[in-house]
Amino acid sequence: MKFTQEQITQFNSDLKSQSPSDIVKWALEHAEKPVITTNFRPYEAAILHVVSQEFDKINVVWCDTGYNTPETYKHAEEVINQLALSIDLYVPQQTRAHRDVVMGNPSVADESHKEFTEQVKLEPFRRAMEVHKPDVWFTNLRQGQTAHRDNLDILSLSKDGVLKVSPFYYWSDSELDKYLVDHKLPNEHNYNDPTKVLEHRECGLHL
């Protein structure tokens, strides 16, 4: 399945008025090997719920940096169990203990931060995508998260040509709060991304 940018622009116009579940249904109709990625950050339960309700056997890729808070790990277990998710876990090739000794957790200004991001996030993600080779990638990108994501839309193409689908792209936090309440889903805000540091800084996966 390959769409031109012109087609994607038209699809985005058509899908903007659709519900997240309808967007997911549309994407699944065009998918042969769909996958959803998650890091169990705030509001991830919404995307995991809406996709798994339409396709309960979908592969859920969790790239765990190893730097999550205890609350995030507890939240992840709760969501996994509640939604009966099929999780495929990917972790860095180096242990956190090893990295703490040789590199630590460098700041954005540190020249080693690029290598840190490569080790804990980018390499495990590439490994996951190489294994699954998806043609459709469900993710919870939303307008307003970063400057880069403001230039995307419900549908966008990854640098490798995979169709990224963000069903909640135009939703606000308050709308997602209501979605979680309506569907009796948990949320957790004590989340740590060691590669982003700042909330509105792009992590690197979606560039």
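For the structure itself, look to the data block above.
In what follows, the accompanying structure is described. (Residues numbered from 1 in each chain as written. Predicted model: local features only at pLDDT ≥ 70, side-chain atom pairs only at ≥ 80, totals over all residues. Heavy atoms only, no water.)

**Here we look at the packing of aromatic side chains**
Reasoning step 1: Throughout the structure, instances matching the rule amount to 11 aromatic pairs.
Reasoning step 2: With a centroid separation of 5.1 Å and 40° between ring planes, the pair formed by F125 and W137 is classed as tilted. In this pair, F125 sits in helix α6 (residues 113-132) while W137 sits in strand β4 (residues 136-138), placing the two residues 12 residues apart along the sequence.
Reasoning step 3: Among the residues examined, F125 registers a relative accessible area of 10% and is labelled buried.
Reasoning step 4: Each ring, one from W171 and one from Y179, has its centre 6.0 Å from the other, and the planes form 80°; the classification is edge-to-face.
Reasoning step 5: Look at Y179 and you get buried, because its relative accessible area is 10%.
Reasoning step 6: By way of ring pairs, the aromatic residues F3, F11 and W26 are connected into one cluster. (Phe/Tyr/Trp six-rings, centres within 6.5 Å; stacked < 30°, edge-to-face > 60°. Helix = DSSP H or I, 4+ residues; strand = E, 2+ residues; numbered from the N terminus. Buried < 20%, exposed > 50% of the residue type's maximum accessible area, 1.4 Å probe, protein only.)

**Looking at the side chain of K121**
Reasoning step 1: Position of K121 among the secondary structure elements: in helix α6.
Reasoning step 2: Within the local environment of K121, its side chain forms a polar contact with the side chain of D193, the two groups lying 2.5 Å apart.
Reasoning step 3: Within polar-contact distance, the side chain of K121 engages the side chain of T195 at 3.3 Å. (Polar contact = N/O pair within 3.5 Å; in protein donor to acceptor, adjacent residues only side chain to side chain.)

**Quick look at the sheet that holds β4**
Reasoning step 1: The sheet built from 6 strands is open, its strands ordered β3-β2-β1-β4-β6-β5 with mixed pairing. Both outer strands of the open sheet, β3 (86-90) and β5 (155-157), are each paired with one neighbouring strand and no more. Strand after strand, the sheet turns through a mean of 30° between neighbouring axes, direction not considered.
Reasoning step 2: In this sheet, strand β6 (residues 163-165) lies alongside β4 in parallel orientation, the contact comprising 3 bridges. (Pairing = 2+ DSSP bridges. Axes fitted to C-alpha atoms, helices over the stretch in contact; angles between N-to-C directions.)

**Focus: the packing of helix α2 (residues 20-29) against helix α3 (residues 44-54)**
Reasoning step 1: At their nearest, the axes of α2 and α3 sit 9 Å apart, and the two run at 50° to each other. Between α2 and α3, the angle falls in the class oblique. You can see that α2 and α3 cross each other, and the crossing is right-handed. Residue-level inspection shows P20, S21, V24, K25 and L28 of α2 in contact with α3, the latter providing V50, V51 and E54. (Parallel < 35°, antiparallel > 145°, perpendicular 65-115°, else oblique. Left-handed = near helix turned anticlockwise from the far one by under 90°. Contact = heavy atoms within 4.5 Å.)

**Observations regarding helix α7 (residues 173-182)**
Reasoning step 1: What α7 keeps buried is the set L176, Y179 and L180. Viewed end-on, α7 has its buried residues packed into an arc of 95°, placing them on one side of the element. Along α7, the residues that are exposed and aim more than 90 degrees away from the buried face are S174, K178 and V181.
Reasoning step 2: Summarising the contacts, the buried residues of α7 are in contact with α3.
Reasoning step 3: With its phi angle positive at about 55°, K184 sits one or two positions after the end of α7. (Arc of directions from axis to C-beta.)

**Here's the deal with the packing of α3 against α7**
Reasoning step 1: Relative orientation of the contacting elements α3 and α7 amounts to 55°, with a least axis distance of 10 Å. Here α3 lies oblique to α7, going by the angle between them. Along this stretch, α3 crosses α7, giving a crossing that reads as left-handed. For the pair α3 and α7, contact is made by A45, A46, H49 and V50 and by L176, Y179 and L180, respectively.
Reasoning step 2: Along the lines of polarity and charge, the residues of the contact of α3 with α7 split into 6 nonpolar, 1 polar and no charged. (Nonpolar A, V, L, I, M, F, W, Y, C, P; charged D, E, K, R; others polar.)

**Regarding the pattern of salt bridges**
Reasoning step 1: Applying the stated criterion across every chain yields a total of 7 salt bridges.
Reasoning step 2: For D100, the salt bridge is made with R96, and the minimal N-O distance between the two is 3.8 Å. Separated by 4 residues within a single helix, D100 and R96 lie in helix α5 (residues 96-102), roughly one turn from each other.
Reasoning step 3: D100 sits in the partly exposed class, given a relative accessible area of 39%.
Reasoning step 4: Residues E118 and R126 are paired through a salt bridge, measuring 2.4 Å at the closest nitrogen-oxygen approach.
Reasoning step 5: A relative accessible area of 23% means that E118 is categorised as partly exposed. (Salt bridge = Lys/Arg side-chain N within 4 Å of Asp/Glu carboxyl O.)

In short, geometric facts, not functional conclusions.
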